[in-house]
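A look at the structure
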Amino acid sequence: MTKRIVILGTGITSVTAIKAIREIDLDSEIYLMGQEKIYPYNRVKLSKGLFNNLEENSILLQKKEWYEQNKVKIFINTKVVNINTDSFELILCDGSKVKYDKLLIATGSSNSIPPIDGIGKDGVYTLRSLKDALNIKNSLNESAQVIIIGGGIQGLEMAWIVHQHGKKATIIELQSRLMPYQLDNKASEILKDIIQGYGIEILTNTGVVKITGDTKVASILIDKEVKLKCDMVIYSTGIKANKELISNTKVETARGIVVNNKMETNIKNIYAAGDIAQFDNKVIGLWNIAIAQGKVAGYNIAGKETVYEKITPVTTLNAFGTSLFSMGCVDESESTKVLIDEDDNLKIYRKIFIKNNKVIGAIFIGDMKRSPLLKLAIEKGIRIGDVNLSVDELLDKLKNNK
Ligand SMILES: Cc1cc2nc3c(=O)[nH]c(=O)nc-3n(C[C@H](O)[C@H](O)[C@H](O)COP(=O)(O)OP(=O)(O)OC[C@H]3O[C@@H](n4cnc5c(N)ncnc54)[C@H](O)[C@@H]3O)c2cc1C
């Protein structure tokens, strides 16, 4: 009997899983269901550039015909609200039911909503979907002063977009530095200098107490006394896994849906991958990890036993006339040796973290070329030998070792 594989969520994880399934299994029915009104698209593109290229054709992951060619029945604008794991059924928002033999949950994540009084006012936005991007784009045209809450990677990308639209941007970060999880103090300071050079204001160690205005945002309060005027707020304060639909099932969850290295959940025939999945105690939320996990899930669903090899998380920023990456473990207390090369005038900073003769992490500002080499060194666990080297000597050594 032909099996029915149902894939929930129309993101990159699902499309990658479908490709993997169809490499092996050309017969099973595949149903792909997602709540957005558009076919699967490249979410990463939403924050790169100036919102110029948001037409469907330039962001779709696959042409619409691809789904038919791969015998995928796609249901967009379809929210799944519940799963009955005993009767192998999904319950859709209109109350109808859909049976599955195997299920992949790839419902991704949403932006966390910070608990700030007034966060629901008109003029307050966040960027996760194409709809959000279009709303922000429209509102930006009518705004002059924009407050960005959150100095992480996405907040900074938003500030760059706002600045490029000729609007005044202010970044507010609760912690003491920008990109606090990916950069050290020095790298954050360099980045702050670069960003401020564009006339963008940055307030660190600052929390937003309240968003004020009648129905539409007019200002924010950063303490009881200090008010900053603005006509638009964009928040970017982390993500949370979209796991509500399994809340009354026995599928094990913590921050995300807990999976093993085959992307299997604790319930037979139910898999999870991508931003929703918690593997090895971590929910990462990065594109290349979603691809790798989607592929493993797809193969296992189709019967080809495959295990997920951990991928080094890499965060990249290309904005403000500079570029930077941060990868792996960037905690000095975890390292036995740290190599640093810096040039304050040129705004170049390169730091490599080593533990027991192996590279475990790196922060580079102004030199992107080395990212693949360092990523490979971390993932392969290449032994360096003598670590009393300069950054360039180490990079040469790694190059020769490839
Ligand atoms: C603006 C932006 C920029 C980014 N830039 C980068 C970057 O530069 N580099 C990087 O590595 N990562 C980046 N990311 C993160 C990256 O996009 C995600 O890691 C990736 O999209 C995760 O893919 P996914 O398929 O697991 O989930 P998602 O892309 O989140 O897709 C899940 C889909 O499931 C749908 N869904 C959720 N619940 C239900 C339900 N109950 N019923 C039906 N459908 C449902 C969602 O609406 C969504 O369409 C960025 C993210 C954003 C938002």
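Residues numbered from 1 in each chain as written. Predicted model: local features only at pLDDT ≥ 70, side-chain atom pairs only at ≥ 80, totals over all residues. Heavy atoms only, no water.

Section: the overall build of the protein chain
To keep it simple, the criterion reads: Runs of E in the DSSP output that reach at least two residues are strands. Runs of H or I that reach at least four are helices, and both are numbered from the N terminus. A radius of gyration in this sense is built from C-alpha atoms; the matching globule rule multiplies 2.2 Å by the number of residues raised to 0.38. Partly exposed describes any residue whose relative accessible area lies between the buried limit of under 20% and the exposed limit of over 50%, with all areas from a 1.4 Å probe on protein chains only and scaled to the type maximum. Per-residue and other accessible areas follow the Shrake-Rupley method at a 1.4 Å probe size, with only the shown protein chains counted as cover for residues.
On a plain count of helices and strands, the protein chain comes out with 9 helices and 25 strands. Relative to a compact globule of 402 residues, whose C-alpha radius of gyration would be 21 Å, the protein chain shows 23 Å and is just as compact. Oriented by its inertia axes, the alpha-carbon framework of the protein chain measures out at about 70 × 65 × 35 Å. Looking at the protein chain residue by residue over its 402 residues, the buried ones come to 52%. As displayed, the protein chain offers around 18900 Å² of accessible surface, 47% of which is attributable to carbon and sulfur atoms.

Considerations on the site of the ligand
Counted only if it meets this: Residue proximity to a molecule or strand is established when one non-hydrogen atom of the residue lies within 4 Å of it. Throughout this description, a polar contact denotes any pair of N or O atoms lying within 3.5 Å of each other; where both atoms belong to protein, one of them has to be capable of donating a hydrogen while the other can accept it, and for residues adjacent in sequence the pair is counted only when both atoms sit in side chains. Asp, Glu, Lys and Arg are counted as charged, while Ala, Val, Leu, Ile, Met, Phe, Trp, Tyr, Cys and Pro are counted as nonpolar; the rest, among them Gly, fall into the polar class. For every domain, the bounds stem from an assignment made automatically or drawn from a database.
Among the 29 residues in the neighbourhood of the ligand, the closest are listed as T13, E36, R43, R128 and D275. Within the backbone of I12, an N or O atom sits 3.3 Å from an oxygen atom of the ligand. With respect to the ligand, the backbone of G285 contributes an N or O atom lying 3.4 Å from an oxygen atom. Coverage of the ligand by the protein amounts to 91% of the 1000 Å² it exposes when considered alone. Elements represented by at least two residues in the shell around the ligand include exactly α1 (12–24) and α7 (287–301). Tallied by class, residues from the shell around the ligand come to 8 nonpolar, 15 polar and 6 charged. Inspection of the shell around the ligand shows a minimum of three residues originating in each of domain 1 (4–110 + 239–301) and domain 2 (124–235).

Digging into the packing of aromatic side chains
Using the following cut-off: What counts as a ring pair is set by centres within 6.5 Å for rings of Phe, Tyr and Trp (its six-membered ring), and what kind of pair is set by the plane angle: stacked under 30 degrees, edge-to-face over 60, tilted for all other angles. Two conditions define a charge sitting above a ring: the NZ of Lys or the CZ of Arg must be within 6 Å of the ring centre, and it must be within 35 degrees of the ring normal.
The tally for this structure, following the rule as stated, stands at 9 aromatic pairs. Through pairs of rings, three or more aromatic residues link up here, namely Y39, W66 and Y67. The ring centre of Y39 lies 5.2 Å from the NZ or CZ of K64, which sits over that ring. Over the ring of Y299 we find K304; its NZ or CZ atom is 4.2 Å from the centre of that ring.

What to know about the UniProt feature "domain: FAD/NAD(P)-binding" (unreviewed entry) in the protein chain
In plain terms, the rule: UniProt positions are given in the numbering used here, feature names are shortened, and annotations may be inferred rather than shown by experiment.
UniProt annotation of "domain: FAD/NAD(P)-binding" (unreviewed entry) refers to residues 4–294 when read in the numbering used here. For residues 4–294, the helix share is 23%, the strand share is 25%, and the end-to-end C-alpha distance is 18 Å.

Side note on helix α9 (residues 391–401)
Selection rule: Arc, as used here, means the arc of the directions from the helix axis to the C-beta atoms. The contact criterion used throughout is that any non-hydrogen atoms of two residues lie within 4.5 Å.
For α9, the complete set of buried residues consists of V391, L394, L395 and L398. Down the axis of α9, the smallest arc covering the buried residues is 100°, so these residues share one side. Here the buried face of α9 lies against β23 (337–343), β24 (348–355), β25 (358–365) and α8 (371–380).

Observations concerning unusual backbone geometry
Despite not being glycine, N77 has its phi angle at roughly 55°, a positive value. Checked against the element boundaries, N77 lands in the loop between β3 (72–75) and β4 (80–84). Although it is not a glycine, K347 sits at a positive phi angle of roughly 55°. One can find K347 in the loop between β23 and β24. For K347, a relative accessible area of 28% corresponds to the partly exposed category.

With respect to helix α5 (residues 153–164)
Using the following cut-off: A helix is expected to span 1.5 Å multiplied by its residue count minus one.
Along its 12 residues, α5 runs 17 Å from first to last C-alpha, staying within 8% of the 16 Å computed at 1.5 Å per residue. Of the residues making up α5, those classed as buried are G155, L156, E157, M158, A159, W160, I161 and V162. Residues of α5 that are buried in the fold lie against α4 (130–141), β10 (145–149), β11 (168–172), α6 (185–196), β16 (232–235) and β21 (314–319). Where α5 ends, the next residue or the one after it, G166, has phi of about 80°, a positive value.

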